[in-house]
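# Observations on the three-dimensional arrangement
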Amino acid sequence: DTAVSQTPKYLVTQMGNDKSIKCEQNLGHDTMYWYKQDSKKFLKIMFSYNNKELIINETVPNRFSPKSPDKAHLNLHINSLELGDSAVYFCASSRGEGWEEKLFFGSGTQLSVL
Amino acid sequence: SQQGEEDPQALSIQEGENATMNCSYKTSINNLQWYRQNSGRGLVHLILIRSNEREKHSGRLRVTLDTSKKSSSLLITASRAADTASYFCATEASGSRLTFGEGTQLTVNP
């Protein structure tokens, strides 16, 4: 059973389009994250949700909107895609507040904006 | 700015040799973690060392932490081709979220 699963694995789209990436975790964790990994493999946190509440928004353009319908799901919607949005996006989860922040990652979504 | 910086950026060794990767950070931390990323996959947690610990072992992995020098090292003994991956350190500090270094690309040649 996959602990943190995200879909799709690959996403190729045109500039200006709107797209979504879905993420689900079956670990019972309270906290979920979105990370962006650039071509140099630098990993930067974008958002963090604890029990469906947004707790971190790291200066991400408001074209990116996370949505957490319940604590097991954190989806990422991106409006008006730009070339610079091309990257690998990772969803992750951890036990939550009060615990050491040990992350479990999904396998990533390779986004290519043409 | 980034908390963790890793050294070297790339490392190529022969199977059976030991691999050592280093991580330096800037501020006081609660713990430091090492993750592995195989090509095309997500990061996998390897080991966590707390700020009051100096050394930790897990199988062929040995991690050291020197808080006075703000540095950590990851040693992989008797490396295998399957150890080929990128290795990232990540630091957790009070009041801030886990911050990742830039990673070391390890290649183990059969």
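Residues numbered from 1 in each chain as written. Chains lettered and ligands numbered in written order. Predicted model: local features only at pLDDT ≥ 70, side-chain atom pairs only at ≥ 80, totals over all residues. Heavy atoms only, no water.

What follows is about the overall build of chain B. Tallying secondary structure elements over chain B gives zero helices and 11 strands in all. Starting at the N terminus and ending at the C terminus, chain B contains elements arranged as β-β-β-β-β-β-β-β-β-β-β. In terms of overall dimensions, chain B has a C-alpha envelope of 45 × 25 × 20 Å along the principal axes. Burial analysis of chain B (110 residues in total) assigns 46% to the buried set. In chain B, once contacts between residues fewer than 6 apart in sequence are set aside, the share between residues at least 24 apart is 54%. Here chain B displays about 5,100 Å² of accessible surface, and carbon together with sulfur accounts for 43% of that area. Looking at charge distribution, chain B has the averaged site of its 12 positive side-chain charges lying 6 Å from that of its 11 negative ones. (Helix = DSSP H or I, 4+ residues; strand = E, 2+ residues; numbered from the N terminus. Buried < 20%, exposed > 50% of the residue type's maximum accessible area, 1.4 Å probe, protein only. Contact = heavy atoms within 4.5 Å. Areas by Shrake-Rupley, 256 points an atom, 1.4 Å probe, with all protein chains shown as cover. Lys, Arg positive; Asp, Glu negative; His and termini not counted. Charge placed at Lys NZ, Arg CZ, Asp CG, Glu CD.)

Bringing the pattern of salt bridges into the picture now. This structure, assessed with the given rule, holds 10 salt bridges over all chains. Ionic pairing is found between B:K56 and B:E53, a salt bridge with its closest N-O pair at 3.8 Å. With a shortest N-O distance of 3.1 Å, B:R62 and B:E55 are connected by a salt bridge. Salt bridges linked by common partners bring A:E100, B:R50, B:E53 and B:K56 together as one network. (Salt bridge = Lys/Arg side-chain N within 4 Å of Asp/Glu carboxyl O.)

All names here are of chain A. In this fold, K36 is placed in strand 4 (residues 31-37). On the basis of relative accessible area, K36 is assigned to the partly exposed category, the value being 25%. Separated by 49 residues in sequence, K36 and D85 have C-alpha atoms that sit 9.2 Å apart. If we skip the residues at most four places from it in the chain, K36 touches F42, L43, K44, M46, G84, D85, A87, V88 and Y89. In terms of polar contacts, K36 uses its side chain to reach the backbone carbonyl oxygen of G84, at 3.3 Å. (Polar contact = N/O pair within 3.5 Å; in protein donor to acceptor, adjacent residues only side chain to side chain.)

This brings us to the sheet that holds strand 1 (residues 4-7) of chain A. Residue and element names in this part refer to chain A. One open sheet accounts for four strands, arranged 1-3-8-7; its pairing is antiparallel. Each of the sheet's edge strands pairs with one partner strand only, and the pair in question is strand 1 and strand 7 (64-70). For this sheet, the mean angle separating the axes of adjacent strands, direction not counted, is 15°. Inspection of the sheet shows strand 7 paired to strand 8 (residues 73-78) by five bridges, in the antiparallel sense. What sits directly across from P66, in strand 8, is L76. (Pairing = 2+ DSSP bridges. Axes fitted to C-alpha atoms, helices over the stretch in contact; angles between N-to-C directions.)

On to the interface of chain B and chain A. Facing 20 residues of chain B, the contacting portion of chain A comprises 23 residues. Interface area, chain B with chain A, both sides summed: about 1,700 Å², of which 50% is carbon and sulfur. Interface area lost by chain B to chain A is led by B:L43, B:R97 and B:F100, which between them contribute 35%. For the pair chain B and chain A, the interface holds 11 residue pairs in polar contact (both at pLDDT 80 or more). Among the elements of the structure, strand 4 (31-37), strand 5 (43-50) and strand 9 (85-92) of chain B are those that each provide at least two residues to the side of chain B that touches chain A. Tallied by class, the residues present in the side of chain B that touches chain A amount to six nonpolar, nine polar and five charged. (Buried area = accessible area lost by both parts, 1.4 Å probe. Nonpolar A, V, L, I, M, F, W, Y, C, P; charged D, E, K, R; others polar.)

Take the nonpolar core next. A general trend in soluble globular proteins is that nonpolar side chains are found buried together. In terms of nonpolar packing, the biggest core is built from 21 residues, with B:L32, B:W34, B:L74, B:I76, B:Y87 and B:L106 touching the most fellow members. Here the element with the most residues in this core is strand 3 (residues 19-25) of chain B; it accounts for four residues. Residue contacts for B:L106: discarding those within four places in its chain leaves B:L11, B:I13, B:A19, B:M21, B:I76, B:D83, B:T84, B:A85 and B:Y87. In this structure, A:M46, A:F47, A:V60 and A:L74 belong to the second largest nonpolar core, which totals 20 residues. (Core = buried A, V, L, I, M, F, W, Y, C linked by side-chain atoms within 4.5 Å.)

What follows is about the packing of aromatic side chains. What the rule picks out here adds up to eight aromatic pairs over all chains. Clustering of aromatic rings is evident, with ring pairs tying together A:Y33, A:Y35, A:F90, A:F105, B:Y35 and B:F100. The ring centre of A:Y10 lies 5.8 Å from the NZ or CZ of A:K9, which sits over that ring. (Phe/Tyr/Trp six-rings, centres within 6.5 Å; stacked < 30°, edge-to-face > 60°. Lys NZ or Arg CZ within 6 Å of the ring centre and 35° of its normal.)

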